[in-house]
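What the coordinates show
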Amino acid sequence: MFCARSQGGGSVCEGPPAALWALVNAPMSSTAGFVLGVLICALAWSTGVAGEPAHQVVPEGAAAVVNGAPIPRTAVREIVAGVAAVHGDAQDPSRREEWERSALESLIDFELLYQEAKRQGVSVSGEDVDREIARAKQKFASERDYEKALSERGWTVAGVRADTERSLVVQRFLEGVLWKNVRVPPEQVEEFYNRHREEFRHPVQVRLRHTFVPITGNSAAAWADAERRAQELRQQWMMRASGNQQENPTEIFDAEDWGWLGRDELSPEVEQAVSKLQVGQVTEPLRGADGFHLFQVTGQRGSGVIPIEEARAKIATVLLKRERERVREALLKELRRKADIRYR
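Presented here is an overview of the structure given in this document.

**Let's talk about the overall build of the protein**
Counting secondary structure elements, the protein contains 11 helices and 9 strands. Taken over 344 residues, the protein has a buried fraction of 44%. Within the protein, contacts between residues separated by at least 24 positions form 75% of all contacts whose residues are at least 6 apart in sequence. Carbon and sulfur atoms provide 50% of the accessible area of the protein, an area that totals close to 18500 Å².

**Considering the sheet that holds strand β9 (residues 341-343)**
Read across the sheet, 3 strands follow the order β2-β1-β9 without closing on themselves; strand pairing throughout is antiparallel. A single partner strand is all that each edge strand has here, and the edge strands are β2 (69-72) and β9. With direction set aside, neighbouring strand axes in the sheet form an average angle of 20 degrees. Most of the contacts of helix α3 (residues 73-87) go to β2, to which it runs at about 40 degrees, and overall it touches β1 (62-66) and β2.

**Description of unusual backbone geometry**
At asparagine 67, a position not held by glycine, the phi torsion is positive, near 50 degrees. Take asparagine 67: it is sitting in the loop between β1 and β2.

**Description of the nonpolar core**
Leu104, Ile108, Leu112 and Phe173 are the most contacted members of the largest nonpolar core, which totals 45 residues. Among the secondary structure elements, those contributing two or more residues to this core are β1, α3, α4 (93-119), α5 (126-137), α6 (143-153), α7 (157-178), α11 (308-338) and β9. Looking at this core, the element that brings in the most residues is α4, giving 10 residues. In contact with leucine 112, other than residues within four places in its own chain, are Val66, Asn67, Leu332, Leu335, Arg336, Ala339 and Ile341. If you look at the next biggest cluster of nonpolar residues, it comprises 10 residues, including Val213, Ala226, Val282 and Leu294.

**Observations regarding the packing of aromatic side chains**
Under the definition given, this model contains 4 aromatic pairs. Plain terms: the ring middles of tyrosine 193 and phenylalanine 200 are 5.2 Å apart, the flat faces sit at 40 degrees to each other, and that makes the pair tilted. In this structure tyrosine 193 comes out as buried when scored by relative accessible area, which is 6%. Here phenylalanine 200 falls in the buried class, since its relative accessible area comes to 14%. On the numbers, 5.6 Å between centres and 85 degrees between planes, the contact of tryptophan 223 with phenylalanine 292 is edge-to-face.

**Things to note about the sheet that holds strand β4 (residues 205-214)**
Pairing is antiparallel in the open sheet, where 4 strands are placed in the order β5-β4-β7-β6. Edge positions in the open sheet fall to β5 (256-262) and β6 (286-287), since each of these has one partner strand only. Looking at chain direction, β4 and strand β7 (residues 291-301) are connected through 10 bridges and run antiparallel. Each residue of the ladder has a partner; that of proline 214, found in β7, is glycine 291.

**As for the packing of α7 against α11**
Their axes nearest at 12 Å, the elements α7 and α11 cross at an angle of 110 degrees. Relative to α11, the element α7 lies roughly perpendicular. Facing α7, whose interface residues are Phe173, Leu174, Glu175 and Leu178, α11 presents Arg324, Val327, Arg328 and Leu331. Looking at the contact of α7 with α11, its residues break down into 5 nonpolar, no polar and 3 charged.

**Observations regarding the pattern of salt bridges**
By the definition in use, this model includes 30 salt bridges. Between arginine 336 and glutamate 105 there is a salt bridge, with the nearest N and O atoms lying 2.8 Å from each other. Here arginine 336, found in helix α11, pairs with glutamate 105, found in helix α4; they are 231 residues apart in sequence, far enough to count as distant. The partner of glutamate 284 in a salt bridge is arginine 234, and the shortest N-O contact between them spans 3.7 Å. Taken as a pair, glutamate 284 in the loop between α10 (268-274) and β6 and arginine 234 in helix α9 (residues 220-242) lie far apart in primary sequence, 50 residues in all. Each of Asp225, Arg228, Arg229 and Glu232 takes part in salt bridges that share partners, so that together they form one network.

**A word on α11**
Every α-helical turn comprises 3.6 residues, leaving residues that sit three or four positions apart pointing alike. Here α11 spans 44 Å end to end across 31 residues, near enough to the 45 Å set by a 1.5 Å rise per residue. For α11, the principal kink sits at lysine 314 and spans about 30 degrees. Buried within α11 we find Ala311, Ile315, Leu319, Arg324, Glu325, Val327, Arg328, Glu329, Leu331, Leu332, Leu335 and Arg336. At its buried positions, α11 is contacted by α4, α7, α8 (186-195) and β9.

Parameters and conventions
- Residues numbered from 1 in each chain as written.
- Predicted model: local features only at pLDDT ≥ 70, side-chain atom pairs only at ≥ 80, totals over all residues.
- Heavy atoms only, no water.
- Helix = DSSP H or I, 4+ residues; strand = E, 2+ residues; numbered from the N terminus.
- Buried < 20%, exposed > 50% of the residue type's maximum accessible area, 1.4 Å probe, protein only.
- Contact = heavy atoms within 4.5 Å.
- Areas by Shrake-Rupley, 256 points an atom, 1.4 Å probe, with all protein chains shown as cover.
- Pairing = 2+ DSSP bridges.
- Axes fitted to C-alpha atoms, helices over the stretch in contact; angles between N-to-C directions.
- Core = buried A, V, L, I, M, F, W, Y, C linked by side-chain atoms within 4.5 Å.
- Phe/Tyr/Trp six-rings, centres within 6.5 Å; stacked < 30°, edge-to-face > 60°.
- Parallel < 35°, antiparallel > 145°, perpendicular 65-115°, else oblique.
- Nonpolar A, V, L, I, M, F, W, Y, C, P; charged D, E, K, R; others polar.
- Salt bridge = Lys/Arg side-chain N within 4 Å of Asp/Glu carboxyl O.
- Expected span 1.5 Å × (residues − 1).
- Bend = angle between axes of the 7 residues up to and from the residue.

Spelled out as structure tokens, the structure:
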């Protein structure tokens, strides 16, 4: 959804974290967090920012002003700190300068999108903000821990609400207005598949279904009970696969389809266990840190090309992201052309 700008004038990546992402995952504000995930991705491709900033007077403590709205330098630093925590090479002055430029341009883009969203009448309710903040609070053990996190970062409750409101407004604008009519026609998916068919080759693969039996304590008796339940579940699963038992979802817990996987994508323990099985068979219970895992082989296939029907959904997702990014970038280009952006 929201990207850093690249040296060539475009931008790369998309998909901002939810509002308050930063509060529960990194030391920065929610608006800064909205930008960080995409900025990290963009820095893998970008070596700078488009254009040369015009050094004009802006308020003290601001890195830039966008149509009269200041971009706090602290917000830039928060993003850079988050990027440095991921990359670990913050001591390199040239890299840090690059991050600062990209962070600032990303925040400018965010501000432009927010202003355009408000101009078009996009808003969110207080209840929307409350729900988003409540989701963030769930990451903390208690209300006291949440308040402590705010205090340690120098944030206020009002500031968090304001940042959350801004992030939600931009998200609603992108999803509900700008991208409302963006579609990927089926023929475009097929054209992409045919052009890149060789890229859909796969090695020998196995398709797995997985379920987990947790322990209810950490004693030897608890482990023994969990293993007993896993063995019972395995027998039920095997009987069902052989057609000797009617399907009963409650008896197989929450079995999850893991899809097609190459042998090298499995852990050595799982690979060894499933390599001996035929389709329909189930592994013996595999002990993990918190219980026992069971895997059922639901398919096997040799190397070949993934059929288009299997690849269609993923291709459509990729193409939709590209088209959304193109539309977003076109809007930002126009907004920047009209905007009064002043750099310090």
